[in-house]
Amino acid sequence: MPNAHHPYVESVTFAGRPIPLKRPMAAFSARRLEAILPQIAALNAAGKSQGDAAAALETTVGTLRHWLDITGTTWVNVKRRGPYSSRA
């Protein structure tokens, strides 16, 4: 359950424009996200993999994917895996 003592925000600012979030986020988390959005955008533009980007940001791939999901950002270098054959 969210802590009622933290104010929540529904958008973050990147490059002078507001980006609406899919769901509200605590203000302190939104400030951190605003601080690293330029790095995420640069790594995405450089065509880095999500694993490389997570390592550069010193976080996990799961956290990076959560940030991408909540901001509605599409990652350009996604290598699709599969389909896998059910026969060996």
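All of the points below concern the structure found in this document. Since the structure is predicted, the reported quantities are computational estimates derived from the model, not experimental observations. (Residues numbered from 1 in each chain as written. Predicted model: local features only at pLDDT ≥ 70, side-chain atom pairs only at ≥ 80, totals over all residues. Heavy atoms only, no water.)

### Quick look at helix 3 (residues 61-71)
Okay, step 1: Within helix 3, burial applies to L64, W67, L68, I70 and T71.
Okay, step 2: G72 sits one or two residues past helix 3 and shows a positive phi near 75°. (Buried < 20%, exposed > 50% of the residue type's maximum accessible area, 1.4 Å probe, protein only. Helix = DSSP H or I, 4+ residues; strand = E, 2+ residues; numbered from the N terminus.)

### Quick word on unusual backbone geometry
Okay, step 1: Notably, A15 is not glycine yet its phi reads approximately 55°, a positive angle.
Okay, step 2: Relative to the helices and strands, A15 resides in the loop between strand 1 (8-14) and strand 2 (17-26).
Okay, step 3: The backbone phi angle of E58 is positive, close to 55°, even though this residue is not glycine.
Okay, step 4: You can see E58 is positioned in the loop between helix 2 (50-56) and helix 3.

### Quick notes on the nonpolar core
Okay, step 1: Ranked by size, the top nonpolar core spans 18 residues in total, and within it V12, L33, I40 and L64 carry the most contacts.
Okay, step 2: Elements represented by at least two residues in this core include exactly strand 2, helix 1 (27-45), helix 2 and helix 3.
Okay, step 3: No other element matches helix 1, which puts six residues into this core.
Okay, step 4: Not counting residues within four places of it along the chain, the set of residues in contact with I40 comprises L57, L64, W67, L68 and W75. (Core = buried A, V, L, I, M, F, W, Y, C linked by side-chain atoms within 4.5 Å. Contact = heavy atoms within 4.5 Å.)

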